[in-house]
Amino acid sequence: MKEAFRYLQEELDQMKDNNTFRQLIPLESKQGSKVDIHGKNVIQLSSNNYLGLTDHPKLKQAAIEAVEKYGAGTGSVRTIAGTLSMHNQLEEKLADFKHTEASLVFQSGFTTNQGVLSAILSDQDVVISDELNHASIIDGIRLTKAGRKIYKHADMDSLEEALKASTGARTRLVVTDGVFSMDGDIAPLPEIVALAEKYDAMVMVDDAHASGVLGKNGRGTVNHFGLDGRVHIQVGTLSKAIGVLGGYVASTNTLRDYLIHKGRPFLFSTSHPPAVTAACLAALDVLLNEPELIEKLWDNRAFFKKGLEALGFDTGKSETPITPVVVGDEAKTHQLSDKLYEYGVFAQGIVFPTVPKGTGRIRTIVTAQHTQEELQQALNAFEKAGKALGII
Ligand SMILES: *Cc1c(COP(=O)(O)O)cnc(C)c1O
């Protein structure tokens, strides 16, 4: 038995030699501003739980009630017998929220990108993608026979070149992350939309890290830039700031109807359990009724980023609550992460191949749940660890 897996084990051993082998780190408590890891209570700076909604009483209550009333699972894919009224309700509410005609929910943000891109592009089309787009966009593109052009990160000359070089395609689709997850920078959406309009191309934005963070009540980058009605396809996740699980595409009725017939994860994978959908519905109410959570998130972000910069850390080009602490050297990045844990902070190092070689970083995300006292403790830990390792 073991022998058959030897070729995989060899690769894993190589990773261990290169110091890139990773263990999963189990939390022994619920997700929050502080978590228990290996029996130690530490400040959490590595989650995507921007607004703390994983632990919001309204979401938990909605989930409990949904389980009591509708059970633990749905027993079918959406197209056969697995659509509950609440699934449709959530989609109507998401469309309203995003100011679009319609929306469709998938099992995750990852499968949303796969489902959308693979369904709507054929060999007559060209997809034009930012080089730093998320893995789920890259994999979605891999599933299509469309022509592919990759433009330099957020580089509008490079994008225009790709648009000029792809005339004659039936559809050209420009696709970008709204917020880039490793640097926390925002896509130059007004320029992207202007270029797409000039060259008659469609635009698709993946707002996984912008949903619940940017725009009025967290509507995302399209709303943030005042571009409502000018971006053809908006993808969002229900797994990050929304605090639960899932992904969705917000667009036209035509796209929704088409994806119900052709979106493969939608067609061939079972729908969300009632608890998930009910909690997502409650989360949208929280976004609309508790805007102070988003204000707190941005206040915390300002406080923490300013503190890191005052200590002399390089926080790159972040414009959002994702604040990288760029270290550079891969081994040193992991050492900083280890030291931070020693001083009571959980902040994971991210190195090649997730980010380019020599740009290893601690990727921090503050949340609305952190108290300023916790963030000050985290800054103190960064100071001690950074000095101990000669980074500052
Ligand atoms: C996290 C992320 C996803 C995946 O979302 P899930 O709901 O976790 O599957 C997709 N796109 C981007 C840009 C992301 O950051």
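Quick caveat: nothing in here was measured; it's all calculated off a predicted structure.

1. Remarks on the sheet that holds strand S8 (residues 233–237)
As summarised here, the arrangement of the seven strands in space is S3-S9-S8-S7-S6-S4-S5, forming an open sheet in which the pairing is mixed. Taken across any chain shown, the strands that pair with only one partner, and hence form the sheet edges, are strand S3 (102–106) and strand S5 (147–151). Each neighbouring strand pair of the sheet contributes to a mean axis angle of 20 degrees, computed without reference to strand direction. With five bridges joining them, S3 and strand S9 (residues 247–251) adopt antiparallel strand pairing. Each bridged residue has a counterpart across the sheet, and for Val105 the counterpart in S9 is Tyr248. Contacting S3, S8 and S9, helix H9 (residues 253–262) runs over the sheet at an angle of about 30 degrees to S3.

2. A word on the UniProt feature "domain: Aminotransferase class I/classII large" (unreviewed entry) in the protein
The UniProt entry lists residues 41–382 under the feature "domain: Aminotransferase class I/classII large" (unreviewed entry), expressed in the numbering used here. As annotated, residues 41–382 has a helix share of 43% and a strand share of 17%, and its two end C-alpha atoms lie 17 Å apart.

3. As for the nonpolar core
If you look at the biggest cluster of nonpolar residues, it comprises 58 residues, and the most contacted ones within it are Leu45, Leu51, Phe304, Leu340 and Phe382. Setting aside anything within four residues of it in sequence, one finds Phe304 in contact with Leu45, Thr364, Val366, Leu375, Ala378, Leu379 and Phe382. Within the second largest apolar cluster, 22 residues are counted, among which are Tyr151, Ile192, Val193 and Val231.

4. Description of the sheet that holds strand S12 (residues 349–350)
Strand order across the open sheet formed by three strands is S10-S13-S12, with antiparallel pairing between neighbours. Looking along the sheet, the strands with just one partner apiece sit at the ends: strand S10 (322–328) and S12. As judged from the two bridges shared by S12 and strand S13 (residues 360–365), these two strands associate in the antiparallel manner. From the neighbouring strand, Gly349 faces S13, where its bridge partner is Ile362. Sheet strands in contact with helix H13 (residues 330–342) are S10, S12 and S13, and its direction is about 35 degrees off that of S13.

Reading guide: rules and limits
Residues numbered from 1 in each chain as written. Predicted model: local features only at pLDDT ≥ 70, side-chain atom pairs only at ≥ 80, totals over all residues. Heavy atoms only, no water. Pairing = 2+ DSSP bridges. Helix = DSSP H or I, 4+ residues; strand = E, 2+ residues; numbered from the N terminus. Axes fitted to C-alpha atoms, helices over the stretch in contact; angles between N-to-C directions. Contact = heavy atoms within 4.5 Å. UniProt positions renumbered as here; feature names shortened; annotations may be inferred. Core = buried A, V, L, I, M, F, W, Y, C linked by side-chain atoms within 4.5 Å. Buried < 20%, exposed > 50% of the residue type's maximum accessible area, 1.4 Å probe, protein only.

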